[in-house]
Every structure is written in C-alpha cells, then in structure tokens.
Amino acid sequence: MPSSSSNSPPLPKGNDENSSSRSRRSSSSGEAELTAIQTGIDQLTPVIDNTTSTINMPSRNSSNRATFNSVRDTLGNLRHRLSAYHQRHSLHNHTNNNNEAVSQATQNNEPNNPPSSSSSQTNRRSIMQQLSDRLSLLDAAHSSRVPLQVMMMRRNSRRQQRSGTVPVVTTAATAPLPAGQSALENNVERETTRGEDDDAAMEVPMLAAAAAVPSAPRPSLSVNIISVSTRELTNDEGRRHRHTLHPLGSSSTAAAAATTSLSTLNSSTNPTTGLLERQRRSSSSVLFASRNRAHQSVTGGTSNVVLLASGGGSAGATTNNGGSSSGGGMNVRTNSWYGFGDMGSSSSNNNNMFADRSSGSSIHSIAKRRSSTDLGMHLHPSVSRDKLSTISDDSKPSSVESSVVMDDDDVVDQDAIMAEVDDVEIPVESVTNVLYSWGKGIQSLHDDSEDRSILNVGDTESNNAKVASRLESKSILAIATGQNHSVCATAQGTTYVVGTNLHGCVDPNLAEGSNCYRPQLFESLSSVRVVQVSCGYDHTAALSSNGSVWTWGSNTHGQLGHRINSNNNNVNRDGISTSLFEGPTRCRPTGMALGKGRRASVVSCGTHYTLVLTTHMSLLACGKPLIAGHRELSEWGMPKQLPTLVGLPLVGVAAGDGHAVVITAHGTAFVWGENRHSCCGREYPAELTVPLAMKLSSNQSSSLDSSDGLTIADELAIQDAACGLEHTILVTRSGRLLVCGNNNFGQLGIATSELKSLKALKSVNHPNGGRFVSTEAGYGHSLMLDDAGDVWMTTQNGIECILTGKSALAIAAGGNNSAVITAAPTGAKLLKRQFSMEEIEDPTSIVDAVHGMIEDLEGGKGNETNLSQEIARKSEELLRYPSYLNSLFVNPKQLDTLFERLLRACSADAMQELARAFERGLKGGLDSLRDTRLIHPEAVRCLLQYILFFDIRRDESIVFDLHGETISTFCDTILSLPFEGYKALHSFATLHYTGSLFVKMLVKPLLRTLNVCASRTVDENEVEHFNPSRQAVPVIVAVLSWLYAMAEEQNLAKPADFYSDAVSEINIDTLFSDLYSMKRASPHERSKHFYITQHPFLLSPGCKRNLLQMESQVSQYKAMIGDLHMSESTNDITVEPFFHLEIERDYLVEQTLECIKQADPKDIRKRLRVSFKGEEGLDAGGVTKEFFQLLSEELFDINSGLWSNKYGDEVNWFNSDNTWDEKGYEMIGVLFGLALYNNVLLDVRFPMAVYRKLLGLPLGLEDIVDAELRRGLKQLLDYEGDDVEDIFCLSFEVTWMELGVDAASNTITNEERRLDLKPDGANIPVTNDNREEYVLRYVSWILVDSIKSQWEAFESGVMRIMEDASLDLFLPEELELLVVGSGVLDFKALESNTTYEGGYTAESEVIKNFWRFVNNASKETQVQLLKFAAASTKAPIGGLGKMPFIIQRAGPDSGLLPTSHTCFNTLLLPDYGSDYDKLANNLGRAVLECEGFGLE
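Computed from a predicted structure; not experimentally measured.

Visitor: So what about the pairing of strand β43 (residues 1466–1469)? Which residues, and what values?
Guide: Residues of β43 alternate between two faces, with Thr1466 and Leu1468 on one and Leu1467 and Leu1469 on the opposite face, all of them buried. Relative to β43, strand β42 (residues 1459–1461) runs antiparallel, the two sharing three bridges. Among the inter-strand pairings, Thr1459 is bridged to a residue of β43, identified as Leu1468. Taken together, β42 and the strand that follows it, β43, pair antiparallel across an intervening segment of four residues, in which Asn1465 is found at a positive phi of about 55 degrees.

Below, the structure written as structure tokens:
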C-alpha cells in the first residue's frame, strides 16, 4: 500500500506517473501535517487552562465532563497523528536500507523517503513534549476523580482513534457469517483445531471508531454489516443490517475534527454506531470478523461494504474503479478503500493490507471472576498474589522517544472491566516493570541480534542487559526463554514472541527458520488472556486466565497435547506416521486437551515434552515417552497423568532437557527421565522411567522428622526446583540449595575447579548468608532469586550477584538466555494484570470455610439450608480430588475433629444431604485413582482418610451407598495397591493413627459398613431378605484383615475392636456349614472362594465357642453312630451315647486317670457323663462341671511335682526336672481336651505361652514366665553402650539347678547343670553385635528345649480329644477364656440378665435382699456363691451378663437352706420375705458348707 497520512485517503493505484507524483508531494505534505498539529495545540491551550481551573467534579457535571472529554480526546488524536507521522517516516528509512525493491527505486532516482532533517526531528520532539505536558496537566486534575465509566469511554475513544478510521470496503453479496464464538473463545474441552486456510488463527473484535471527521461533506455509502457475535448475541445474530456510514477523510483543522469524533461515534442518530454501541455495552456480544472470513466475504460477491478489524497490523480501504488491490495475497475488487490502523506497517512495495505487525487490538469478553492464581513463574515473596487481579491503568511512556512507539496490546476488554466496577482500583499512578534480558541476541527478549551479558554491571543506565525497546513501556508479568526463542506476557494478557522460528515455535505463520529479531505481538492469541508462558526446544505453551493451555510449534513427539482424531490404526492420518510415530510441525495455537473439568495452573515445557500442573494439584504430561509415558496411537500426544504421580499434592513442576522434577505440598521432590551426569540425584540407572523421590545422603536424611515422608525439616523440604541440560537445582524452605549433576560450567553454584559433577545432592548455601527463594536453569547456567530481591547467577567460580538493589520480582532462564523482571523505578513491587481471572480455591481455605459455616450453624447464624448445602458442596469437592486430601490433615485428629463437628451441627435433613455429597465425592475421587500405581506415602494417604466418611452410617436412618458400589470400589482400590503402596499406607497408619484414632477412624467405620452390608431381615413368613450391598462383604473383610494384621503387629487395637455383630449373629448353622466347607476346600479353592470363617477375627468369642461346641456335637454323634450294636437274637439296635466315668470323691485323680487309660479311644470322643459313687445326682452338666472343678484343684497343684515351683501358685509351668512322669502329662492333656470337648471350664493357671504353643504361634521374649529373667534380657537388648561384654559378663551358656534322686541313698539331690546355647558357647562372650542372637537362643531354650519331653506328652493328650477341632479359630487370649473363663465377675451384669420363676419378680422383697447380700459380700463369698449356683468360679465367655441365671421360689418362708441346680444355673431360694438377716445367714451357710449332689 502506498504511504500516506493516516487521516488522508490514499489515491487509487494507477500508472507509474501517478505513483511518482504522489511520492514527490510527500515532503511538502509532511511539513503541512506538522504545522496543522502545532496549530491545533495552540488553539486548545486556552481551553485546557480554563478546563483545569473550572472543572471541579467532571463525573457529576455533564457539561464540564463533555468539555473535558472533548479536549482530552482531541489531544490524544493529535498525539496519535504525530506518532503515525513519526512511524511512517522511520519505517521508510528502514525500508530503504533493507528492501531490494525500494533500493532499486532509489537507484532510479524515485524519491521514496520523506525528509527527516534535524530541524524536522526537533519540531516533532517539541510538539510531542507539548502534547505530553498538556495531557499530564489534564490527568493530574482529573485522573483520581473520574468515574470508571467516563475513564473507559475516554480510553475507548483514544484507542479507536489509534486503530484508525472505519474501513469501508466494497464486498460481494454473500451469506452472513455464522454466529457464535470465535475459534479461541470456543470451549477448550471441545478441542477443535482450525483449518489450514484459517490464516489469522482467530477472530478479532471489530472496531467501529472514527479518528477524525472530514472537513468537507462526502457522499454517503451503503453499508452491509456482517454481524458475528458471541454465544449470547440474540437479536442481531446472523442478521444483515443496511445502514449509512460516512467515509472518513482528513482535515487541516485537526482540533475541531477530534473534538467532534466521540460525539459522532456515539450519536444515537447513526444506526450503525447504535448497533455497535449496543454490542459494545454487552459483556458477551461483540462484532467479529477475521481476515479469513473477510476474504471469503470480499471475494465472492458484489456487496458494497464490509467492516473489518485488524488484530495484528494495519488494514485499509482502497478506492478502485474497476482495478484490483493485493492485500496479503488476496485479490479484492472494491469501489472504495480507506486506510486505518498502523499505517507504518505497510511498505510501499508490498501493498499488504493485512500485514502482520505487533500492534493488534482486541476486545475480549470474559465473565466476572476473581483470582489469585500463581503465574507459574518464580515470583518474589514480596509480590502479593492476592492483588494480582487488580486492574491497573495503561503503562505510560517513560520518554518522548518511547511514547511514539504505539502498540495496540494495551487495549483492555472494556466490557469486562465495565462489568467489574465493584472490584476495580482506579490507580493514581501507572507502574511499568523493568525487564532485563541477556544471552543470545536473536533468541532473547531484547530487540537486536547482539549477544548481551549482565555480569559486572554498573548502574541501571549503563546496564547492557536492560531492555530499551517496545517492551520497556509494557508491564511484563510472565517471561520464558529457551534455546531458540523467548516469549513474555503483559499485564493486559497479550503475548510477545521473539527468536528463531524453528518448526513454528515463534509464529507458525512466519517462514520456517526465519528470525524474529525483536519481540512482536503474537497476534494469534490476541483474544486469549495469557498469564504464564513457557518455551521448549521447538514449541511454546501459554496458560490463559481461564485455565486453558495453548500450544504451538512442533508436535513431532506429541508435546503440544493436541487431540488427534483417528479411527483406523493402520492408516496414516492427520500428519502422523504409524511407523515413525511422529506428529506434524508448524502447528498453530490450539488448546491442549486437558480433559473435562481440568484447569491448568502452571505449564512447563521441556525439550520435547510439556508438563501441566492443574488447579487440582495433579500433573498432566505429553510428548517424549520417557517423560510422558507411552501412548497407544489412539491417544498419541494426549496429555495424561503419570500413574505413579496420581494423588500426590503437587504444587511445583520443573522441566529440563531430558528430566523433570515435581514438588509436593509437603516439600518432597520427585524426579524422573534421563539421568545424565547423575542429574537425578543418583549414580544409576541411566534412565528413571518412574518418578522417585530425590535421593538424599545419609547425613541429610537424618534430618527428617519422621519416616512417613510428610513432616520434613525445612533444611530438606523443597519449595522450588529447576532442571537444566544435565543438572538439577532445588531450593529448600530454609533458603539453601541442593544441587546435583553436571558442573562443567559451574552451573551447580560450585567452582569448576572443585568438582566437575555431583552424583548425589549436595547443599550450597547463600554466599551472604541470605535465603534463596526461587531458581531457574538454562543449559549451562542457573539463576537464583533471594529474599532481598537480588538475582544471583552461577559462574565457573561459583555464585555471583548480578542484580542487586533492583527488587527483582521474577526470573527466567533457558538455553543460553536469561531474563529478569524488576520493580518499577517508583518502587512499587506489585505485578498487576489488567483483567480478572478465575479464582483457584486452596484446599486449606475450603476446610477453613467449612469450619466457619459450622460455627454459623452452631450459633444459629445465616440460613440453615443454604449453609448445609454449601457445606455439602465443599465436602464433596474435598473428596473428589485425592490430591486435596493428601495435602491436608497430616494429623488425622484434625480430620476427626472436622467430621465430628459436621455430625453434631447438621440436622437430619442436612445429614442426608451431606451423605449424598459424601457419596458423590467418594465416587469421583476413587474413579480418579483407577488405573494408577500408588506407591508414595503422600499419594496413598487419602485412602485412609476416605474410610472415616463411611462412618456417616452412624445414624441408621441415613441412606448412603445403597448398593455398596462405593465401598466396593474403595476396597478394590486398596486391595490393588502395589507392594510399595501397601508399605507406604502401613507406614502412615502405624505412625499417625495412634491411640484410639486407629480404631475410631479406620476400624469402626468399616465394621459399621460391614454390619449394614451383612445385615438381614426376616419377614412374617420367616423368609430371609439380605441387604442389596451384600456383594461388598468379601472386599470389606479383606481390607479389615489387612488392618487387623497391622493392629496385631503394632499393638494398635484389641481383638475385641474387630468383632462384628452382624457376622457373629449369622445363623449358627450357616456359619458351621461355611466352616465345614472351608476346612474341606483345598488351598486353591480357598483362594477362589470367600469363606467368612476364614476370617475368625470378626467372630466374637461366644460365636467361636458355639462353633466349636457344634463341631464337638457332630463328632460326638459320629462316635455314637460308630458304636451301634445289633442283637443277633432280638435284632434290636443298641447304642451308648455317653462316655461314663464313675468316680469316688476320695480317689478322684487316681480313678480318673485309670479309667482314661483303659478307655477305648472311640468312647472318649463321646459325650462325657460323670457320677460320684454314693450320690444320687443325675448329670445334666452340673456334675461334670463339679467333677472338672475338683479335678483341677488336684491336678494343677504345684505339689504334684508336674509343675515348676519357681512361680508359686499363680502359674502352672512345666517342670523341666520331671522326667519320670511323662504319662502324667499326657493324662493331663487328655483331661484338658475333654474339658474343651465338653464345654466345661477348668481352674488352671497356664501362662499365655501354653495357649500360643497349642495354636502353633511363634514365641518371644514377652512369653517368658519368669518376670525377673524377662526384665534382665530386655535390659540387655536396650542397653545403649558399646561395652556389653564388660558390663553384663555373659556367654552363650546357661546354668540351672536340677533336682534329682540318688538311687543309692534314696535322697533328693540338687545339682548344677550347664548347657551351651551354641557350640562352644561357654567361650563365646555376649557382645553388642551378638546379643540379639543370645536372647533368641535363650528364649528358645526356656520355652521350648528345656520342656520338650513334657510338652510333647501334654500336647499328644490334648490332640487325642481335639484332633479335628477348629482351635485355630481362636486367639490365645480367646482360647484361655474358653478354657478357664473370665476372672472378672460383674454381678450387676448378672442381675440384669437374671430371670425369676415361681412367683418372684425383681421387686420382690426377698429378691431385693438377695442382691443386697451379693453386692455387700466379699469377693471370696461372691466366688463361692457362683460356684454354688453354677459349679464354676469364673465367668464364661462374654462375662456374667452372658450367663443364664434363674432364681426360683422354693416354697414359703421356712428354715430350709437355699439349694441349686448347677446343671441349669438355677438357685432355689425360699421366700424369706423382708427378713434380710435370715436370708443372709441361710444363704451364707449354704454357700460355704454345702457339697455334693442329691435328688429331691
């Protein structure tokens, strides 16, 4: 396009003569332009003086406001005209030096350049200074008081004037463009890509503003406006509007023209501007027309006019009577063409009406949102993220020279700002941050190809790295640099790119490999508000304010994360080769397919991969398989989570050349990828395919507070990381560095003369004793930012400070380049962006909010329904994202407190709503853990926390997980954990769920759930109905088995804590059938089928006793059937169901042992029936109990010689000296078995070791009976000194005194015995190294070897009776309870369980006196009473409350003593009335004096 004034319509392109004459007139017209601008300033000066002195409150005075706006806008128009004049002339000078066509024209003596003499330049500077002074005067008087609407209107007018006049182009009549959003405004989740012909890559807003009003009337032109709106456009959607628009021209009276421009634009009489104004005021409706669509409209028909907007350069209109004009490669036949925008971007030999220039304008509608989102780059701690959403004013030029370089990226979304009046701070002063850039000139953010260095810098003015370019006037918020290019984002959300366009990484629209020497606006993202950027080797990523990620450049490894549509894996499609598995290059900006509901918070590009950290603290990766994982072709290039990182609460990410690091909320750093030069903190392997925690040296790991990986000391907790080519830098919370990898350039902060590489992490401190807060890494260098705002860089000599006293806010490094953002010279340290962002809710704030709402509920504040619904919503959000939970509640007590408060505060209806939210949240969270590999403590912790939320079933009326799907999924997730996951979960549970928390938060919720799932109901027809969630029983039991093993190992809970009421109450026949099937099944069948009796820890001791009793009854029945006899004479069948013992009381032991010796083994397995000679009592169970009670007193007497006398009467332990009576031990074993077999209690005092040996369980130091010996051995193990040999003076030898009988003298002897615990043990001293072996051998000798013969005889006797019994159902404690009962006698429980017969009730006087006597009696009397009434001195399993007890009336008042039926636990009590003394005397005599049985 020919050069011309921005306010003058260019002449139609004709023959060469016309072109030459136009060029020759350029000099005189330029001087005239300067004169006209100076005249306008002179005319406005008195008006300005009057305005600043008389206008008090422009916002409240419409007349004054109009005057103020008119003057202000006129000045802005004059300054824009002067800027355009300067740019036009400067550009022509540059073109003459670099463009071949222009050079040829110069050789032919064709004047292309306007004069630029020194006087002309002086005039321009003088005029610009006058304009700036007058604008500043106006702003000083009104900027702090002008309301937002007026300020926006003023800024809108200025920017429309800068953009140029309204284009008027003749176009063909064609169908209206489709209504709807632009490509970049579409939902990212649709993940659609633009077509090949969509050169602009987006739609840009249409600006309809006039820069000036023509001085002379011109004929009106017919206008067809094609309206393309966003989704909320209704009335004007897809409709053609035919209006009249005046073409624009130039005027020498620029002041008057500018004064009327705003009123002309907003005139209600102009139907076109009325439409534009209506759409401008809508926060969701604007007019869009992309270049591509304009091209389609222009080239296809005969319409007169189409409105265009240029997003990245100048556009224009050409008056052409039948001719053609080339614009960006398209042929346009027009009737009229009027230029607008940045005319300086058009060169005379190109005529490109859509030339790409870094001056794009856009209006982008966004919803009203707030945010404190992390920019994803390293910010100084003084930078308040809470104020990042504050809207600041445009950055003002710092000098006259910079003010003439106008860019359009400072155009803000006016509609979005207007919608956020309540959230806006109107700044009094604008702030521009200072940018420093150094490294390779082409790839860095400075404007030339010069390689710059920042070392040994002086003051700011002489700093070679300070950027003095178009970026100097920008508020840069995000910077990134790589090996080939750099990119930055401004406070307005616009993006600038620079560097070598390798595979389209700078701009896919530029030529491959071309160099972009100065930062230019990346026009393809003009409708996207960018908040963070990152550079790979040949690709680029940008994070938008709505959490979407836009990537462009090379996609050879799938690093862009673009969706690939494919239906057939055997056919090449979309540029992907199935054999080479490579994607296309020069890809245009497209949203990454993050997945439904995911929003990004940080993006980081490695060489050939991209990492995205989401707002839910998870990581998505795409690209290089070693980093992102392998993909099937159908999912090739798609961002996916790494299975081993799922669930980790990730807060930081760093990408290097071939390795990457992520940081958790607890300060753990995980690394994976190529391990070149040990950059992964370990010597081998060469590649880490799975992320592993950074390996610390032994002396460093000792600083860990605990082994759970969560509570890490500040010296080791990581807060930031950076990855270079072959090195890694970590920053700890204490401010020091941990480094590893290659150090050939000193990139580790250690002088190269000291070491060339590090194979493990090493600490590097701040040279001045300060604290580092963040770091960045290039290929061979590293940058650090400290808490003072100073920037440090690694050199071959170590770490050197390169910027001090500049209040650095952000740093970036990549390749051989670096960049730093420092605070503005005014001292402001806030990074402000000029648009709002969606707020990212911190998990901690969610918990705090829930606590606050609970307090409101408890205090009766607010609406209960609304509060309950909000609590439910936030609770669901916490559960839906495992990473949230894993970042919270390191102390489980905090979660328990929150849960208890929820249950107390919520009403019944609110509780049901909360239960539904829990269920939805649990389902969502568990679904996100599918197909993952949870191996880290920080990842699996949420599974333990999930368990508590199943305890919502405390209230039986709550409907929760009706079909058991949620609990089944949860249990399956735990059961599918790899070994590392089990180990991590075990570690955290045992370390943190101590005391009652283990049972309350882990065991009880699962037991309640199991009870619900295993419950059944019986209807009136006695038909059983099972719970629909019964299917979940096997997996719940499996998880409880794991917890039970954990509790048993660490002593975290009692066996009784795992008893399930629902399981124990299952019909005994059903349980016995299950037990019988389980015992008959092979190990393989047991692994395939579920048997509830295979998990006996769920069964109460009473239930186990009933199973064992039923098993004995079946065995007794079999023994009885096996002894059938048929009489040959009478054919009668006789059977003997009992094993009879008739014993004299005076010879109880002798006769019993003799009868057992002579008995047939089959008879012993029948039911036992005992009778005492001379007594008439019939044995219905009571005589048998009496028999075993008396037998126990004699058999287990220590004076019998069978038991050791070392421990007194309290313990029956085998006498190792008794080698002559093995048969006696066998008989005792038989009697022991008979008692179990017949469900009779024994009065025996075996230690727990006996029951453990019977069950085949291992023994340990705690099982030693001798308390003194046990204490001494424990002291030996716990001794911390290194002189065990000298202090304890022990050897591997034991000595003891053995009793014997001298046959010659027939006297008892007591001889010392010695035994070596190992060969030559007497000569082997016990030392620090072998003391554990000594204790092990000693314990084994005491509990096993020394009593081997005695134990084997006893065990064989027991097994004669209990050979097939299911003793393994019992724990040692339960077996002891089954054998001897409980010594705890709770007569209150017995009273509550007593029934009365014969006319007695609980209110009878004699009954009241009876319980008065019992409660006042001594313990010995109570024991004798129990023995008198039930033939036992111990309570059965379950205590006295489980023992049936009957008190029956034995006639009226008389002198008879009470009697009992011990077989039925019945006390016969005469009715003594209210005479307490008589009851006490008679009952006492009966209890203490009566013995034997008789018949009445």
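There's plenty left to go through after this.
Visitor: Provide a residue-level description of a nonpolar patch on the surface, including the pertinent values.
Guide: On the surface, a nonpolar cluster with roughly 470 Å² of combined accessible area is contributed by Tyr1117, Ile1121, Leu1124, Ile1133 and Val1135. Relative to the helices and strands, Leu1124 is located in the loop between α27 (1101–1121) and β34 (1125–1126).

Visitor: Lay out the environment of Ser1454 with the relevant residues and their values.
Guide: Here Ser1454 lies in the loop between β41 (1445–1449) and β42. Along the primary structure Ser1454 and Asp1471 are separated by 17 residues, whereas in three dimensions their C-alpha atoms are 7.7 Å apart. Residues in contact with Ser1454, not counting those within four places in the same chain, are Pro1470, Tyr1472, Lys1478 and Asn1482. Among the polar contacts listed, one links the side chain of Ser1454 to the backbone nitrogen of Leu1456, at a separation of 3.4 Å.

Visitor: Hey, could you go over the side chain of Lys624 for me, with residue numbers and the actual values?
Guide: Tracing the backbone shows Lys624 in the loop between β17 (619–623) and α12 (625–628). Within the structure, Lys624 has its side chain in polar contact with the side chain of Glu674 (distance 2.6 Å).

Visitor: Describe a negative patch on the surface, and please don't skip the residues or the numbers.
Guide: Together, Glu1150, Glu1194, Asp1197, Asp1209 and Glu1210 make up a region of like negative charge exposed at the surface. Note that Glu1210 resides in the loop between α30 (1182–1195) and α31 (1222–1237). Look at Glu1210 and you get exposed, because its relative accessible area is 62%.

Visitor: Go over the confidence of the model for the chain with me, naming the residues and quoting the values.
Guide: Any residue range with low pLDDT should be treated as having predicted coordinates unsuitable for detailed reading. Confidence in the prediction of the chain, expressed as mean pLDDT, is 73, and 67% of residues score 70 or more. Within the model, the stretch residues 52–62 combines pLDDT values under 50 with 14 contacts to residues more than four positions away or in other chains. The low-confidence segment residues 456–462 (pLDDT under 50) makes five contacts with residues lying over four places distant or belonging to another chain.

Visitor: Could you give me a rundown of the pairing of strand β26 (residues 772–777), with the residues and numbers involved?
Guide: Where burial is concerned, most of β26 is hidden: six out of the six residues are buried. In this sheet, strand β27 (residues 782–786) lies alongside β26 in antiparallel orientation, the contact comprising five bridges. Looking at β27, one finds that Ala777 is bridged to Ser782. The hairpin turn running from β26 into β27, its antiparallel successor, is four residues long.

What counts, and at which threshold
Residues numbered from 1 in each chain as written. Predicted model: local features only at pLDDT ≥ 70, side-chain atom pairs only at ≥ 80, totals over all residues. Heavy atoms only, no water. Buried < 20%, exposed > 50% of the residue type's maximum accessible area, 1.4 Å probe, protein only. Helix = DSSP H or I, 4+ residues; strand = E, 2+ residues; numbered from the N terminus. Pairing = 2+ DSSP bridges. Patch = residues over 30% accessible without salt bridge, like charges linked within 9 Å, V, L, I, M, F, W, Y side chains within 5 Å. Areas by Shrake-Rupley, 256 points an atom, 1.4 Å probe, with all protein chains shown as cover. Salt bridge = Lys/Arg side-chain N within 4 Å of Asp/Glu carboxyl O. Contact = heavy atoms within 4.5 Å. Polar contact = N/O pair within 3.5 Å; in protein donor to acceptor, adjacent residues only side chain to side chain. Lys, Arg positive; Asp, Glu negative; His and termini not counted. Charge placed at Lys NZ, Arg CZ, Asp CG, Glu CD. pLDDT = per-residue confidence, 0-100.

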